[in-house]
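Remarks on the overall topology
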Amino acid sequence: MYFKIALHNVKKSIKDYTIYFLTLAFGICLFYLFNSIHSQQAILEINESQRSMLALIQTMISGISIFVAVILGLLIIYANQYLMKRRHKEMGIYLLLGMEKGQVSRILILETLFIGIFALAAGLAAGIFLSQGFSILTAKMFAVKMKEFQFIFSREAFLQTILYFVLIFLIVMLFNGVSISRYKIIDLLHSGKKNQKMRIKNLWISVVLFIISIVCLGAAYYNIWENGMMQVDWQFKLSIVLGIAGTFLFFFSLSGCFLNLVKGRKGFYYRGLNLFIFRQLNSKITTTFISMSMLCLMLFLAICAFATGTGMAETLNSNLEAVSPFDYSLYVNSDEDGNLKSGDEVLNDLKRDGIEIEKYAEPVNTITLYYQKDGTDRNLTMEPFLKGRESLSSYPKKQVEELMDENISLIRLSDYNNFLKIKGRDPITLKKNQYAVSCNFENVKDAFQDAVDDGQELTINGQKMKPLGRMLTDVYVNTSIQMDAGTLILPDDVMDKMQIKPVFGYINILWKSSYSGHSEVLSHEIEDVYGDDQISPSGNQRPFQSSFSREEVYEQGAGLSTIIIYIAIYIGIVFLITSAAVLALQQLSENADNLPKYRLLARLGTEDQMIRSAIKAQIITYFLIPMSLALVHSYVAIRIVSIVISQLGHMDVAGAVFKSVAAVLCIYGGYMAATYFGNKNMLRDRS
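Quick look at the structure, then. Numbers given to residues run from 1 along each chain, matching the order in which its sequence is written. At least 70 in pLDDT is required for a residue's local features to be given in this predicted model, at least 80 for side-chain atom pairs to be given and counted, and no such filter applies to totals for whole chains, interfaces and linings, which use all residues. Heavy atoms throughout the structure, all of them, feed into the side-chain values; hydrogens and water do not.

Next up on the list: the overall build of the protein. Helical segments are the DSSP runs of H or I of at least four residues, strand segments are the runs of E of at least two, and each set is numbered from the N terminus. In terms of helices and strands, the protein carries 22 helices and nine strands. Classification of residues uses two cut-offs on accessible area relative to the type maximum, computed with a 1.4 Å probe and protein chains only: under 20% is buried, over 50% is exposed, and between them is partly exposed. Sorting the 687 residues of the protein into buried and exposed places 53% on the buried side. The contact definition used throughout considers only heavy atoms, calling two residues in contact when any of these lie within 4.5 Å. Long-range pairs, those at least 24 residues apart, make up 85% of the contacts in the protein between residues at least 6 apart in sequence.

Just to be clear on terms, a salt bridge is a Lys or Arg side-chain nitrogen sitting within 4 Å of an Asp or Glu carboxyl oxygen. Within this structure, the stated rule accounts for 13 salt bridges. Residue Lys351 is joined to Glu356 by a salt bridge in which the shortest nitrogen-to-oxygen separation is 3.9 Å. Accessibility expressed as a relative area gives 48% for Lys351, which makes it partly exposed. With its nearest N and O atoms 3.8 Å apart, the salt bridge here joins Glu457 to Lys464. According to the relative accessible area criterion, Glu457 is partly exposed, its value standing at 35%.

In this section: helix α21 (residues 608-645). The span expected for a helix works out to 1.5 Å for each residue beyond the first. Its 38 residues place the ends of α21 52 Å apart at the C-alpha level, agreeing with the 56 Å of an ideal helix rising 1.5 Å per residue. If you look at α21, its biggest bend is around 30°, right at Ile625, and the proline Pro626 turns up within four residues after that. A residue's bend is the angle separating two fitted axes: one through the seven residues that end there, the other through the seven that start there.

Let us now look at a nonpolar patch on the surface. A cluster of nonpolar side chains, contributed by Leu163, Val166, Leu167 and Leu170, occupies part of the molecular surface with about 350 Å² of accessible area. Mapping Leu167 onto the fold places it in helix α6 (residues 155-182). On the accessibility criterion, Leu167 (46% relative accessible area) is partly exposed. A patch consists of residues exposed above 30% relative accessible area that lack any salt bridge, with like charges linked at up to 9 Å and nonpolar side chains (Val, Leu, Ile, Met, Phe, Trp, Tyr) linked at up to 5 Å. Calculation of accessible area relied on Shrake-Rupley with a 1.4 Å probe; when residues are assessed, cover is drawn exclusively from the protein chains displayed.

Summarising burial for strand β4 (residues 434-438): five of the five residues are buried, a large majority. In this structure, β4 lies alongside strand β6 (residues 463-467), joined through two bridges in parallel fashion. Paired with Tyr435 across the strands is Pro467, a residue of β6. A strand pair is defined by DSSP finding two or more bridges across the two strands. Bridging between β4 and strand β7 (residues 487-490) involves three bridges; their strand directions are antiparallel. Bridging from a neighbouring strand, Ala436 pairs with Ile489 of β7.

A cluster of acidic side chains, namely Glu527, Asp528, Asp532 and Asp533, defines a negative patch on the protein surface. Tracing the sequence through the fold places Glu527 in helix α18 (residues 518-530). Think of it this way: Lys and Arg go in the positive column, Asp and Glu in the negative one, and His and the chain ends go nowhere. Charge coordinates come from a single atom per side chain, which is NZ of Lys, CZ of Arg, CG of Asp or CD of Glu.

To continue, consider the packing of helix α19 (residues 550-593) against helix α20 (residues 595-603). All axes are obtained by fitting lines to C-alpha atoms, using only the stretch in contact for helices, and the reported angles, taken between N-to-C directions, cover 0 to 180 degrees. At their nearest, the axes of α19 and α20 sit 4 Å apart, and the two run at 55° to each other. Comparing the axis directions of α19 and α20 gives the class oblique. Only Leu595, Pro596 and Tyr598 of α20 make contact with α19, whose side of the interface consists of Asn591, Ala592 and Asp593. Its residues assigned to classes, the contact of α19 with α20 shows four nonpolar, one polar and one charged. Angular relationships are summarised with four words: roughly parallel below 35 degrees, roughly antiparallel beyond 145, roughly perpendicular across 65 to 115, and oblique for the angles in between. Residue classes follow a fixed rule: Ala, Val, Leu, Ile, Met, Phe, Trp, Tyr, Cys and Pro count as nonpolar, while Asp, Glu, Lys and Arg count as charged, and any other residue, Gly among them, counts as polar.

Looking now at the packing of α20 against α21. Interhelical geometry of α20 versus α21 gives an angle of 145° and a closest axis separation of 11 Å. Each of Tyr598, Leu601 and Ala602 in α20 lies in contact with α21, whose residues at this interface are Ile611, Ile615 and Gln618.

Among the secondary structure elements, Ser393 is positioned in the loop between α13 (383-386) and α14 (397-403). The class for Ser393 is buried, based on a relative accessible area of 7%. Polar contacts here mean pairs of N or O atoms no more than 3.5 Å apart (in protein, one a potential hydrogen donor and the other a potential acceptor; neighbouring residues in sequence count only if both atoms are side-chain atoms). For Ser393, the side chain forms a polar contact with the main-chain oxygen of Asn443, separated by 2.9 Å.

The next subject is the nonpolar core. Core analysis: the largest hydrophobic core is formed by 98 residues, its most contacted members being Leu24, Phe165, Phe251, Tyr570, Tyr668 and Tyr671. Once residues within four sequence positions are removed from consideration, Phe251 is found in contact with Ile285, Phe289, Met292, Ser293, Cys296, Ile625, Pro626 and Leu629. With 30 residues, the next largest nonpolar core counts Leu410, Val444, Phe448 and Leu490 among its residues. What we call a nonpolar core is a set of buried Ala, Val, Leu, Ile, Met, Phe, Trp, Tyr and Cys residues that are connected through their side-chain atoms within 4.5 Å.

Time to look at the pairing of β7. Within a regular strand, side chains alternate between the sheet's two faces. The alternating pattern of β7 places Thr487 and Ile489 and Leu488 and Leu490 on opposite faces, both of which are buried. Note that strand β3 (residues 409-412) and β7 share four bridges and pair parallel. Directly across from Arg412, in β7, lies its bridge partner Leu490.

Aromatic ring pairs are described here by two measures, namely the spacing of the ring centres and the angle between the planes. Each Phe, Tyr or Trp ring (for Trp, its six-membered ring) is paired with any other whose centre lies within 6.5 Å, and the angle between the two planes then decides the class: stacked below 30 degrees, edge-to-face above 60, tilted in between. Throughout the structure, instances matching the rule amount to 18 aromatic pairs. Taking the centre distance of 5.2 Å and the plane angle of 50° together, the rings of Phe31 and Tyr164 count as tilted. Placement of the pair is Phe31 in helix α2 (residues 14-35) and Tyr164 in helix α6, with a sequence separation of 133 residues. Taken together through their ring pairs, the aromatic side chains of Phe326, Tyr331, Tyr416, Phe419, Tyr476 and Tyr506 make up a single cluster. The criterion for a charge sitting over a ring is simple: Lys NZ or Arg CZ within 6 Å of the ring centre, and within 35 degrees of the ring normal. Lys423 extends its terminal NZ or CZ atom over the ring of Phe326, reaching a point 5.5 Å from the ring centre.

With that settled, consider the environment of Asn594. Turning to its location among the elements, Asn594 is positioned in the loop between α19 and α20. Each C-alpha atom, one on Asn594 and one on Gln280, is 9.1 Å from the other, the two residues being 314 residues apart in sequence.

On the secondary structure map, Glu226 appears in helix α8 (residues 203-227). Residue classification places Glu226 among the partly exposed residues on the basis of a relative accessible area of 23%. When the C-alpha positions of Glu226 and Lys397 are compared, they lie 7.6 Å apart, and in sequence the two are 171 residues distant. Leave out the neighbours within four places in its chain, and Glu226 touches Gln235, Pro396, Lys398 and Gln399.

Our focus in this paragraph is helix α16 (residues 445-453). Residues of α16 that are buried: Ala447, Phe448, Ala451 and Val452. One face of α16 carries all of its buried residues, which in axial projection span an arc of 140°. Looking one or two places after α16, you find Gly455, whose phi comes out positive at around 70°. Within this analysis, the arc is defined by the directions that extend from the helix axis to the C-beta atoms.

Turning our attention to unusual backbone geometry. Phi at Asn461 is positive, roughly 55°, even though this residue is not glycine. Within the secondary structure layout, Asn461 lies in the loop between β5 (458-460) and β6. You will see that Gln534, though not glycine, has its phi angle at about 60°, which is positive. On the secondary structure map, Gln534 appears in the loop between α18 and β9 (546-549).

Structure (C-alpha cells):
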C-alpha cells in the first residue's frame, strides 16, 4: 500500500519535482564526470609527465568532490524541506484519517527513495555518456593526440558517486522522519494561512542597519584591496569577516526597509498590482534573508571561479612560447660562501659523469645574475624605478613600498649580447655612462617603462648613468612565467669595478637540427646518473639545482591550465546550480502557497495577463536581488585577483568576465525562466 501511495504521489507531483529532479541529476552527472578524469588516460597518447599531471588533477578533484558532495547534500536537504512544506496540508489529512506519523514518514521515505533512484540513474547515465566526449576536451587542453576511440567507464567514479549520494539520501530520509515526528495536525492543516511578520517595523532602525552593512562592505573592500590577496594577515581575515557580516546585515535590513521605501512612492506603489507584488517580495525577503545571504555568497564564489579560472588558464597558455626561448635550461645557484660555478665548469662536471651536451648543441649561452654585496646602495635597488611611480604598478601601495627595498638584478653586457646572438638578434650597444633595463613582469612593467622614458639617472661607482632609450622585455631562460621584475644590463668594465656577488647562473641550450629531440634523452640521462638523491654513482654532487626543457614548459603550462579550468568549471557550476535551484524552489513553493490569493485576485476582476505579469516581476526581482550584490562582490574580487594573476602574464579581464557572465546568464537565466513557466503552469492547472 505504501509503495503505491508513494509512487502515485511522485507521479502526481512530477511537475513540482522537475527543477529539483533535473538539478539533482545534473549534479550527479557532474560528480561522475569530473571524478572519471583518470580513466581518460587509456585513450590519450601521453608521456609520464602528463600522466603524473592527470593523477594530480584526479587527486585535487577527489578532494574537492567531498566539498561538492556536502554542498549538493545541503541543497537536497534544503529542497526536500521546501517540498515537504508544500505538502503540509496533505500530510495533515493523512494524520487526520488515522495514519500514524511513522506510516506517513514511511511514505515520504519511499518517495525520496524513488526520486533518488531515478535521479541517480539519470545522472550516472548522462555522466557516462558525456565522459566519452570529455576526453576530447582533456586531449585538447593537454595538446595531445587520442588513440582509437574506445568506450570509457570508470568503476571507481561510478561507485564513489553511488556511495556519496546514497549517504546523502539516507540523511534526507532521517530528516524527513524527524520532521514528521515534530509536526502537529493543526499546524499542518493551517500552515498555508500563517502570515509573515516584519522582523523590523521601525524604518529608521532598518536604515541604520542598512548603512552599517554598507560601511562593513566598504571596509571589507578597502582591506582586501590594501592586502592585495598577497598574504593571509589580519587585513585578509578582517575583510572576510566584514564581507560576510555586511552581506547578512544588507539582506536583514533590506527586509525592514524594502517595503517602506517603495510605499513612499505612492504613485508607483498603488499602480497595477505593485502593492501585491512588493508585499509578497517583502514577506519573502523577511523569512529568507539568511538563505538569501548564503546564496549571494555562493553566487559570488561561482562568478569568481568562472572568471578567474578561465582568465588564469588563458594567461598561462598565452605566454608559453615567450617563456621557453631555449630547448633546455640548467639553473645553477651560488653556494653558502657565495661561489657560483661557471657554465664551462658545469658542462665539464656533467661530462665527467658521462653526460655529454656540447656534442649535440649549438654554442651554449650562460647568463649570470649578480646582486650588490652589502645591499646599501639604493641605486641598485628597485627604489629609483618605483618611487613616485606607485600608481603605475598594479600592486597595492604597501606591496610597492616593500618592493623598493629589493635588490635589482645585474647582468653583464657581454652575457646579454651573447644571448641575443644565439637567438639571431642584433646586439645592443651601451656607452660608458649608459645602462639598459630589462623587465617583463606585468605588475611593475609600466613603472619601469616610465622610468626609461623619463631617463632615470643612476649613480653607479660614482658615475652618473642614463638608460638606453628603450626597455628590453626578452626572457633569457626557460621558465614557467615572465618573472623578470627588473634587471640592469651594465657594461663589463663597469661591472668589474663594482662590489657585487653572483647569485644565479642560467645555462641555456639549443640543440643542433639533427638532435632536435635530445631534451628527453638528456632528462633521462640526468635522472639515471644522479637519481633522487642528486649524487652520481662515483659520488659527485649534481652540478646544477634544477632544469627546465621547452617540452616541460608546455606540458606544465597545459597541465596547470587544465587543473584550473576543470576546478573552476566544477566549483562554479555546482555553486551556480545550487543557488539557482534553491531560489527556484523557494519561488515555486511560495507560488503554491499563494494560489488562493491569485484566485481571489481573479474573482475581484484582475486579468490573467496582469496576474502573470505580477508573477514574472516577483521572480525576476527575487532572482536579481542576491545576484546584484554578488556582482558587486565579484567586481572587487576579480579586480584584485587579476593583479595576482598578472604575475603570470597579462590577463584579459574583460574577456574572462564576459565568458563568466555568459555562463551565469545561461544557467541562472535558464532557472529563472523555468521557474516562471513552472509557476505559470501551476496557476493554470489549479485555477
